[in-house]
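Chains, contacts and geometry: an overview
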Amino acid sequence: MKSSKFYVVTSLVGVVLLLQSCSESNDTNSNAESSTEMTESDNENQNSEETGDSNHEEGSDDNLENDILDDSNILKLVNKKYSLSEDYIPEDLVNLEVPTVLENAEVNQLSKEAADALKEMIDYAKEENIDILARSGYRSYKTQVQLFDNYVANHGEEAANQFSARPGESEHQTGLSIDVTSESVSYQLSESFGETIEGVWIKENAHKFGFIIRYPEGKEEIAGYQYEPWHLRYIGNDMAQNIYESGLTYEEYLVERGIDIEI
Ligand SMILES: [Zn+2]
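First, a word on scope: everything that follows refers to the structure included in this document. For every chain, the first residue of its written sequence is number 1, and the numbers climb from 1 along that sequence. For this predicted model, a pLDDT threshold of at least 70 governs which residues receive local features, and a threshold of 80 or more governs which side-chain atom pairs are given and counted, while totals over whole chains, interfaces and linings are taken from all residues. Working from all heavy atoms in the structure, the side-chain values ignore hydrogens and water.

**Some remarks on the packing of aromatic side chains**
Aromatic contacts are taken between Phe, Tyr and Trp rings whose centres are within 6.5 Å, Trp giving its six-membered ring; a plane angle under 30 degrees counts as stacked, one over 60 as edge-to-face, and the others as tilted. As enumerated under the stated definition, the model contains five aromatic pairs in all. Taken together, a centroid distance of 6.5 Å and an interplanar angle of 35° make the contact between Tyr124 and Trp201 tilted. Here Tyr124, found in helix H4 (residues 112-127), pairs with Trp201, found in helix H7 (residues 197-205); they are 77 residues apart in sequence, far enough to count as distant. Here the term buried applies to any residue with accessible area under 20% of the maximum for its type, exposed to any over 50%, and partly exposed to those in between, with areas from a 1.4 Å probe on protein chains only. A relative accessible area of 40% places Tyr124 in the partly exposed class. A relative accessible area of 6% means that Trp201 is categorised as buried. Measuring from centroid to centroid gives 5.3 Å for Phe211 and Tyr234, while their planes differ by 70°, and the two rings are edge-to-face. Separated by 23 residues along the polypeptide, Phe211 in strand S7 (residues 211-215) and Tyr234 in strand S8 (residues 228-234) bring together distant segments of the chain. Phe211 gets classed as buried once you look at its relative accessible area, which sits at 1%. On the accessibility criterion, Tyr234 (5% relative accessible area) is buried. An aromatic cluster of three or more residues is present, and its members are Tyr124, Trp201 and Phe209. Working rule: Lys NZ or Arg CZ, within 6 Å of ring centre, within 35 degrees of ring normal, means a charge sits over the ring. Above the ring of Tyr225, the side-chain terminus of Lys80 is found at 4.6 Å from the ring centroid. A run of DSSP states H or I qualifies as a helix once it reaches four residues; a run of E qualifies as a strand once it reaches two. Both are numbered from the N-terminal end.

What follows is the structure in structure tokens.
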């Protein structure tokens, strides 16, 4: 059963997290020029207000099973096995009201609920003298196509698959994912961010604002991407808290909840 494997992996993670090294990952691809705003996998959006997270948590697992397959649901699962439709665009994208890095207007947007949560988190961090900036938020399907084609042209398809998401497989299309950075890593998306005071703060506090670190260290095979200490996914306070406490990836957490997903 898959679960036994998860237990082993999970038990190792605690140790691994403490060690923290550095690698790099799919959001980033340091060199490609498109890398600035690019790569990576996800997207999503929408913040169904009527279905607040708490409802999801308290709802039956039947609801959860449906929610994770609904493009516009805050719990939508997006990875290499579960993609978003080509025509999915969040209905409530808003411009970020936090410090940003890029000029690109598209990436400086998030679904409203996620944008509000991000502002709350960054403002709170600021009060503790932790300066966090938003680097890349929403990414349309069309942009994903351009980025992926560009990456394939420059690095080949095999490398592209490893470091960049295929169109529809980026969680950023949801409007619920945001890449954050700091001056200490020159405003880039670097694995070393996880070791900075800003990155450590994010790791310890993001869940309090409804975010999870979607691609944790040591979970590459399950999450489908290398460690990305900068990539946050808004998923609502209750779910974020549960996932944080479980020490699991979102995929593992769903399996533990009895949801039958392909991994
Ligand atoms: Zn990202």
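Continuing now.
**Quick word on the nonpolar core**
Each nonpolar core is a collection of buried residues, namely Ala, Val, Leu, Ile, Met, Phe, Trp, Tyr and Cys, held together in the definition by side-chain atoms within 4.5 Å. Within the largest apolar cluster, 44 residues are counted, with the highest numbers of intra-cluster contacts made by Leu118, Met121, Ile178, Ile202, Phe211 and Tyr250. Ranked by residue count, the leading element in this core is H4, at seven residues. We call two residues in contact when some of their heavy atoms are within 4.5 Å. In contact with Phe211, not counting residues within four places along its chain, are Ala114, Ala117, Leu118, Met121, Leu176, Ile178, Ala206, Leu232, Arg233, Tyr234 and Ala240.

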